[in-house]
Amino acid sequence: TIDDAVACTDDSCDEVNDVIVNTPNDANCDNGQFCDGAETCHQTLDCQSGTAPTIDDAVACTDDSCDEVNDVIVNTPNNANCDNGLFCDGAETCHPTLDCQTGAAVCTATCEHCDESGGTCELCILDLDFNGVMGTGDFALFASCFDGCYLPTDACAASNFDGDAGICVGTGDFSGFVGCFGLTCGACANCSGPPPGSVAGRSFSTDAAAAISLVTVRVPTAEDTLAVLPPSQASFRINQPFFVEVWATQSGTWTTDGLAAVYVDLSFDGQALAAEYVVPGASMSTFADGVIQSGSGLVSQLGGCANLDSPDLGANGNWVRVATLAVRTMTSGSVTLTTAPSDPIHGVAVVNEMGNLDAARIDFGATVVNIVSKPRPGDGTRQIRGTE
């Protein structure tokens, strides 16, 4: 018999040599599949499974597979295998032999900032003149727009840094200048935002707060910044001039950033007191204001913005004088002077925080003065001949 019971051998009788021939034939074992390797015929063990071809090209980012249809190994670059999940450093790519390649930064325009959390490119919004630094050129443009509300198409809309819906340019927008004036775009950590003219609100620190205090004196306080408030005098004679000083401090938990702007409305009995004139605080004389409503007992928009080189006014528990109002007494009695929020453009703002403080974060101070027809014993007054 010529059959050796090995299915893959070709069995025959060799008449010439008078022998039985059982020749292994790999073709008898071929299953027609490329990806599981080439089957072979063993002389005695019959068909043997092939060794699958190596598909790993040692490039981590390629998707390695075996193409059964075309009988080839496929190593396909897959950029997703290189993605680090970050937006700002650009899209990583997969190179077929060099593996993952870093992406290119996506926000590269002049003074452009990348917002990783939002996945967007933002401009350095204080750089209005696009020269790479927050300086007088930017402030000049901003100053021409201060104290107004604008249409989205108006050039002044670019100064609406805090993104209020009314596109109004006021103290909430000014605060960034005090903290970043003179800095380059990269050094100004808090001045990035949406493209100029867009309306998008900005979050406000939960640590920021302020306190307002009124001090009444016969002679204005010599200093504009103090660690402790000056004493307040409570009694004045009829037809006597005196001064109401408005002082403020940044009273939040994080108090190292000073006050960028303080404006309040000051109210009192217009029959008892007559407002005569306003003197801005020397340290807060930028955009100083104070509108005396004659006879009504109201001085609106009383205050000013910090000088650009003074980012720590009212910080660390200190007080800064915002403005001084000169008044004259007219009738005797007790008079209460109170402070209250001014209009949306004129508010209280903290350095490096875009937007005005909510009224709930401000302790609006008040004081009471007594107007008498003659000096009270021990009230601290001193007669000066020819002046009283």
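### With respect to the overall build of the protein
Stage number 1. What the protein contains, in helices and strands, is two helices and 26 strands.
Stage number 2. Buried positions account for 40% of the 388 residues belonging to the protein.
Stage number 3. Sequence separation of 24 or more characterises 64% of the internal contacts of the protein that already satisfy a separation of 6 or more.
Stage number 4. Total accessible area on the protein is roughly 18,900 Å²; 53% of this is exposed by carbon and sulfur atoms.

### Some remarks on the state of the cysteines
Stage number 1. Counted by the stated rule, this structure contains seven disulfides.
Stage number 2. Here C8 engages in a disulfide with C41; their sulfurs sit 1.8 Å apart. Of note, the bridge from C8 to C41 carries an S-S torsion of about 75 degrees and is right-handed in sense. Taken together, the positions of C8 in the segment before β1 (9–14) and C41 in strand β3 (residues 40–42) put the pair 33 residues apart, joining distant regions of the chain. By the burial criterion, C8 is buried, and C41 matches it.

### As for the confidence of the model for the protein
Stage number 1. Put simply, the protein has an average pLDDT of 86, and 89% of its residues get 70 or more.
Stage number 2. Low pLDDT, under 50, characterises residues 195–204; the predicted model gives this stretch 27 contacts beyond four residues in sequence or across chains.
Stage number 3. Here residues 379–388 is a poorly scored stretch, pLDDT under 50, and it has twelve contacts once near neighbours within four places are set aside; other chains count.

### Regarding the side chain of T367
Stage number 1. Positionally, T367 belongs in strand β26 (residues 366–372).
Stage number 2. Its relative accessible area of 15% is what places T367 among the buried residues.
Stage number 3. Among residues more than four places away in sequence, those in contact with T367 are L214, T216, S232, V335, T336 and L337.

### Structural notes on the packing of aromatic side chains
Centre-to-centre distance and the angle between the planes together describe a pair of aromatic rings.
Stage number 1. Tallying each qualifying case throughout the model produces seven aromatic pairs.
Stage number 2. Summarising the aromatic geometry, the rings of F142 and F174 are spaced 6.3 Å apart at their centres and angled 35 degrees between planes, so their arrangement reads as tilted. With F142 in helix α1 (residues 136–143) and F174 in helix α2 (residues 171–180), the pair connects residues that are 32 residues apart, well separated along the chain.
Stage number 3. Looking at F174, the relative accessible area reads 0%, which means it is buried.
Stage number 4. Taking the centre distance of 5.8 Å and the plane angle of 80 degrees together, the rings of F174 and F287 count as edge-to-face. Here F287 lies in strand β20 (residues 286–293) and F174 lies in helix α2, a separation of 113 residues in the sequence.
Stage number 5. Three or more aromatic residues joined by ring pairs form one cluster here, namely F142, F146, F161, F174 and F287.

### Focus on the environment of T249
Stage number 1. When you line up the elements, T249 lands in strand β17 (residues 241–250).
Stage number 2. For T249, a relative accessible area of 6% translates into the label buried.
Stage number 3. Spatially, the C-alpha atom of T249 lies 6.6 Å from that of G317, the residues being 68 residues apart in sequence.
Stage number 4. The contact partners of T249, leaving out residues within four places of it in the chain, are A209, A210, A211, L259, G314, G317, N318 and W319.
Stage number 5. Within the structure, the side chain of T249 is placed 3.2 Å from the backbone oxygen of G314, a separation counted as a polar contact.

Procedures and definitions
Residues numbered from 1 in each chain as written. Predicted model: local features only at pLDDT ≥ 70, side-chain atom pairs only at ≥ 80, totals over all residues. Heavy atoms only, no water. Helix = DSSP H or I, 4+ residues; strand = E, 2+ residues; numbered from the N terminus. Buried < 20%, exposed > 50% of the residue type's maximum accessible area, 1.4 Å probe, protein only. Contact = heavy atoms within 4.5 Å. Areas by Shrake-Rupley, 256 points an atom, 1.4 Å probe, with all protein chains shown as cover. Disulfide = S-S within 2.5 Å. pLDDT = per-residue confidence, 0-100. Phe/Tyr/Trp six-rings, centres within 6.5 Å; stacked < 30°, edge-to-face > 60°. Polar contact = N/O pair within 3.5 Å; in protein donor to acceptor, adjacent residues only side chain to side chain.

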